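# Fold and contact review
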Amino acid sequence: MKIFVTDGHGVEHEVEAQDGWTIMEIIRDAGLPIKAECGGSCVCATCHVLVDDEWFAKLPEKNEEEIDMLDLALEVFDTSRLSCQIEFDKSLDGLKVKIAQDALM
Ligand code: FES
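An account of the accompanying structure is given in this report. Residue positions are counted from 1 within each chain, in the order its sequence is given. It should be noted that, the model being predicted, local features are given only for residues of pLDDT at least 70 and side-chain atom pairs only at 80 or more, the latter also being counted only at that level, while totals for whole chains, interfaces and linings use all residues. Note that water and hydrogens are dropped before the side-chain values are worked out from all heavy atoms of the structure.

This part takes up the side chain of Thr 79. Within the secondary structure layout, Thr 79 lies in the loop between α3 (64-70) and β4 (80-82). Owing to a relative accessible area of 15%, Thr 79 belongs among the buried residues under this scheme. Apart from the residues lying within four places of it in its own chain, the contact partners of Thr 79 are Val 49, Leu 50, Val 51, Asp 53 and Phe 56. Strands are runs of DSSP state E lasting at least two residues, helices are runs of H or I lasting at least four, and both sets are numbered from the N terminus onward. Relative accessible area decides the class of each residue, using a 1.4 Å probe on protein chains only: under 20% of the type maximum gives buried, over 50% gives exposed, and in between gives partly exposed. Note on contacts: a residue pair is in contact if any heavy atoms of the two residues lie within 4.5 Å.

The pairing test for Phe, Tyr and Trp rings, Trp by its six-membered ring, is centres within 6.5 Å, and the orientation test on the planes gives stacked under 30 degrees, edge-to-face over 60, and tilted for anything in between. The full count for this structure, using the stated rule, is 0 aromatic pairs. Both a distance and an angle decide whether a charge sits over a ring: NZ of Lys or CZ of Arg must be within 6 Å of the ring centre and within 35 degrees of the ring normal. Geometry around Trp 55 places Lys 58 over its ring, the cationic atom sitting 4.5 Å from the centre.

What follows concerns the sheet that holds strand β2 (residues 12-16). Note on pairing: DSSP must find at least two bridges between two strands before they are called paired. Taken in spatial order, the 5 strands of this open sheet run β2-β1-β5-β3-β4, and their pairing is mixed. Each of the sheet's edge strands pairs with one partner strand only, and the pair in question is β2 and β4. Each adjacent strand pair in this sheet contributes to an overall mean axis angle of 35°, direction not counted. Across 3 bridges, the pairing between strand β3 (residues 48-51) and strand β5 (residues 96-99) is antiparallel. Within β5, the position partnered with Leu 50 by the bridge is Lys 98. Angles shown run from 0 to 180 degrees and are taken between the N-to-C directions of axes, each axis being a line fitted to C-alpha atoms and, for helices, limited to the stretch in contact.

Turning our eyes to something else, we now look at the pattern of salt bridges. Pairs may arise between side chains of opposite charge once their charged atoms sit close together. One speaks of a salt bridge when a side-chain nitrogen belonging to Lys or Arg is within 4 Å of a carboxyl oxygen belonging to Asp or Glu. Under the counting rule described, the total for this entry stands at 1 salt bridge. Two residues, Arg 81 and Glu 66, come together in a salt bridge whose shortest N-O distance is 2.7 Å. Of this pair, Arg 81 sits in strand β4 while Glu 66 sits in helix α3, and the two are 15 residues apart along the sequence. A residue is classified by how much of its surface remains accessible, and Arg 81, at 3% relative accessible area, is buried.

Within this analysis, patches are made of residues with over 30% relative accessible area and no salt bridge. Like charges are joined at 9 Å or less; nonpolar side chains (Val, Leu, Ile, Met, Phe, Trp, Tyr) at 5 Å or less. Computed with a 1.4 Å probe, the accessible areas rest on the Shrake-Rupley method; for each residue, only the protein chains presented here act as cover. For this count, His and the chain ends are skipped, Lys and Arg are scored as positive, and Asp and Glu as negative. Charge positions come from single atoms, namely NZ of Lys, CZ of Arg, CG of Asp or CD of Glu. Together, Glu 12, Glu 14, Glu 16, Asp 52, Asp 53, Glu 54 and Asp 78 make up a negatively charged patch on the protein surface. For the negative patch, the secondary-structure elements that each account for two or more residues are β2 and α2 (53-56). Ranked by residue count, the leading element in the negative patch is β2, at 3 residues. Relative to the helices and strands, Glu 14 is located in strand β2. Accessibility expressed as a relative area gives 57% for Glu 14, which makes it exposed.

Rendered as structure tokens:
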């Protein structure tokens, strides 16, 4: 299974994805430059990604914590999510995200 991650230069990377890992962990493990300062505890908003339009509706809903924390992100778009709050499973095989400007290292 895989996901596609676009970096700050607009380059798309095909990344191996593991069931049960969060999208943030998958991006970080692939060595791509995502800050994810709090390590996935939903207290930093530096794992902000923009989800491809087609995929956005297929994701599980945001919980309260994610909604509150996203408010602190610099520039929030309709398809903004915190990647540490999305757990990968096979229904997300092929997911496309872009690392947001404020989450880039
Ligand atoms: Fe901090 Fe996701 S890594 S909120």
